[in-house]
Amino acid sequence: MKVGMLTAPFANEPLETVLQFAERAAIPCLEVTTHPGSKHIDPAELTPARSETIKNCLADRELEISSLAYYEPRFTDPAFTPGFQRHAKKCIDAAAMLDVSVVCLLAGFPAHGMTKINTIRKVLPKIFSPILRHAAKKNIKIAIENWFATCLQGLDTFECLFEAIPDERFGLNYDPSHLYHQQCDHLVPVSMFRERIFHTHAKDVIVDKARRARVGIYADGWWRYVVPGFGNIAWGEYISHLRQNGYDGVLSIEHEDGAQTREDGFMRGRAFLEPFC
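In this report, we go over the structure that sits alongside the text. Going along each chain's sequence as written, the residues are numbered from 1 onward. The predicted nature of this model means local features are confined to residues of pLDDT at least 70 and side-chain atom pairs, given and counted, to a pLDDT of 80 or more, with totals for whole chains, interfaces and linings taken over all residues. Each side-chain value is derived from all of the structure's non-hydrogen atoms; neither hydrogens nor water enter the calculation.

**Looking at the sheet that holds strand 5 (residues 141–145)**
At least two DSSP bridges between two strands are required for those strands to pair. Helix numbering and strand numbering both begin at the N terminus, where a helix is a DSSP run of H or I of at least 4 residues and a strand a DSSP run of E of at least 2. The eight strands are arranged 1-2-3-4-5-6-7-10 in a closed barrel whose pairing can be described as parallel. The mean angle between the axes of side-by-side strands here comes to 30°, regardless of whether they run parallel or antiparallel. Only the stretch in contact is used when fitting a helix axis, every axis being a line fitted to C-alpha atoms; angles between N-to-C directions are given from 0 to 180 degrees.

Given below as structure tokens:
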């Protein structure tokens, strides 16, 4: 396995700045944000010449791109669907141009007036069908992050998603933190969906049980995301499950820890994860 980083906290800076930091921090893999207008990689503006420049810059620093990330959750709204599909296809084209095998997306918010399960069954297959056809042409896998606010919440929604969309190129950018704070088992999916885990997010979560007992589960402030090693997830146990089930990819640090600076959070997360790799 290798440690990586989601480049989102550097959103206002160019890709070259991210590469310099990753090299200095000894983080070898990059999960690069590719939303429309991204300063890192904007698929709509990517040319063959620019892609070659990026690949050369990566090689010079002994870095690699683990995935391209386009995290737009609103696409179940019909007003957003066509634009989402167009840009997702451009991300796939960019991945192929850059020799990257995975594009990370979200499962989308529940459609208006529908439950998460019904959205998965009735809406998502139609939206993802043309994206997956395009991914097949380019030999790219689609990895869905299980952010709990989207349709991919509990293990029942995982099962439903892969029943509704059985395409072998459709899988997970698995993030255990989103299950942990819900008190869902974050280890079971590693074996249940071992063939579907294409990429992983390394994000921890700290649960303040005393505050939760005082304010209740519907209140705010009793849990928050932290960088790996600063929360409640037992990373040795979790990574052992990944290894046992055949995963040997990236552990991509998603830094959303408000108690750590941008640089310190990534560097501390890398230092913690590296011995497990």
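Picking up where we left off.
**What about the nonpolar core?**
Ranked by size, the top nonpolar core spans 76 residues in total, and within it Met5, Ile41, Ile65, Leu105, Phe128, Ile142 and Phe170 carry the most contacts. Beyond its immediate sequence surroundings of up to four residues, Leu105 is in contact with Tyr70, Tyr71, Phe84, Ala88, Phe128, Ile142, Ala143, Ile144 and Glu145. Listed in part, the six residues of the second largest apolar core include Leu6, Ala69, Ala143 and Phe198. Here, nonpolar core refers to any group of buried Ala, Val, Leu, Ile, Met, Phe, Trp, Tyr and Cys residues whose side-chain atoms link them within 4.5 Å. Working definition: with a 1.4 Å probe on protein chains only, accessible area under 20% of the residue-type maximum means buried, over 50% means exposed, and in between means partly exposed. It only takes one pair of heavy atoms within 4.5 Å for two residues to be counted as in contact.

**Focus: the pairing of strand 1 (residues 2–6)**
The buried fraction of strand 1 amounts to four of the five residues, a majority that puts the element mostly inside the structure. Both strand 1 and strand 10 (residues 250–253) contribute to a ladder of four bridges, which runs parallel. When the sheet's bridge partners are listed, Lys2 is paired in strand 10 with Val250.

**Notes on the pattern of salt bridges**
Salt bridge criterion: a side-chain nitrogen from Lys or Arg within 4 Å of a carboxyl oxygen from Asp or Glu. Applying the stated criterion to the full structure yields 14 salt bridges. A salt bridge links Asp93 to Lys138, with the shortest nitrogen-to-oxygen separation between them at 3.8 Å. Of this pair, Asp93 sits in helix 3 (residues 81–97) while Lys138 sits in helix 5 (residues 124–138), placing them 45 residues apart in sequence. Its salt-bridge partner being Asp175, residue Lys203 comes within 2.4 Å of it at the nearest N-O pair.

**Notes on helix 11 (residues 262–273)**
The terminal C-alpha atoms of helix 11 lie 17 Å apart, and with twelve residues this matches the ideal 16 Å at 1.5 Å per residue to within 8%. Every buried residue of helix 11 is accounted for by Gly265, Phe266, Gly269 and Leu273. Buried positions in helix 11, seen along its axis, are confined to an arc of 95° and lie on one side of it. In this structure, the buried residues of helix 11 make contact with strand 1, helix 1 (15–25), strand 7 (197–202), helix 10 (235–244) and strand 10. One less than the residue count of a helix, multiplied by 1.5 Å, gives the span that helix is expected to have. What the arc describes is the spread of directions from the helix axis to the C-beta atoms.

**As for helix 6 (residues 155–164)**
Since the α-helix packs 3.6 residues into each turn, any two residues three or four apart lie on the same face. When we look at burial in helix 6, the residues that qualify are Thr157, Phe158, Cys160, Leu161 and Phe162. In this structure, the buried side of helix 6 is in contact with helix 4 (116–122), helix 5, strand 6 (170–174) and helix 7 (177–180).

**Here we look at the side chain of Thr200**
On the secondary structure map, Thr200 appears in strand 7. Polar side-chain contacts of Thr200 include one of 2.6 Å to the backbone oxygen of Val250. In contact with Thr200, other than residues within four places in its own chain, are Asn173, Tyr174, Tyr238, Leu242, Tyr247, Val250, Leu251 and Ser252. Think of a polar contact as two N or O atoms within 3.5 Å of one another; within protein, one of them needs to be a possible hydrogen donor and the other a possible acceptor, and neighboring residues in sequence only count if both atoms come from side chains.

**With respect to the packing of helix 3 against helix 5**
Contact pair helix 3 / helix 5: the axes reach a minimum separation of 10 Å and the direction vectors enclose 15°. With respect to their mutual orientation, helix 3 and helix 5 come out roughly parallel. Helix 3 and helix 5 meet at a crossing whose hand is right-handed. Packed against helix 3, whose contacting residues are Thr81, Phe84, Gln85, Ala88, Lys89, Ile92, Asp93 and Ala96, the element helix 5 presents Lys126, Ile127, Phe128, Pro130, Ile131, His134, Ala135 and Lys138 at the interface. Tallied by class, the residues present in the contact of helix 3 with helix 5 amount to nine nonpolar, three polar and four charged. When describing relative orientation, an angle under 35 degrees is termed roughly parallel and one over 145 degrees roughly antiparallel, while 65 to 115 degrees is termed roughly perpendicular and anything else oblique. Crossing handedness is read from the near helix: turned anticlockwise from the far helix by less than a right angle, it gives a left-handed crossing, and turned clockwise, a right-handed one. We call Asp, Glu, Lys and Arg charged. Ala, Val, Leu, Ile, Met, Phe, Trp, Tyr, Cys and Pro are nonpolar, and the rest, Gly among them, are polar.

**A short note on the state of the cysteines**
Cysteine sulfurs are considered disulfide-paired once they come within 2.5 Å of each other. Here the structure, examined in full by the defined rule, presents zero disulfides. Its sulfur unpaired, Cys29 is 9.1 Å from the next cysteine sulfur, which belongs to Cys277. With no disulfide partner, Cys104 has as its closest neighbouring cysteine sulfur the one in Cys91, 10 Å distant. With relative accessibility at 0%, the residue Cys104 sits in the buried group.

**A short note on unusual backbone geometry**
At Glu62, a residue that is not glycine, the phi angle is positive and equals roughly 55°. Mapped onto the fold, Glu62 is located in the loop between helix 2 (48–60) and strand 3 (64–69). Phi is positive for Asn139, which is not a glycine, with a value near 60°. Inspection of the secondary structure puts Asn139 in the loop between helix 5 and strand 5. The exposure class of Asn139 is exposed, given its relative accessible area of 52%.

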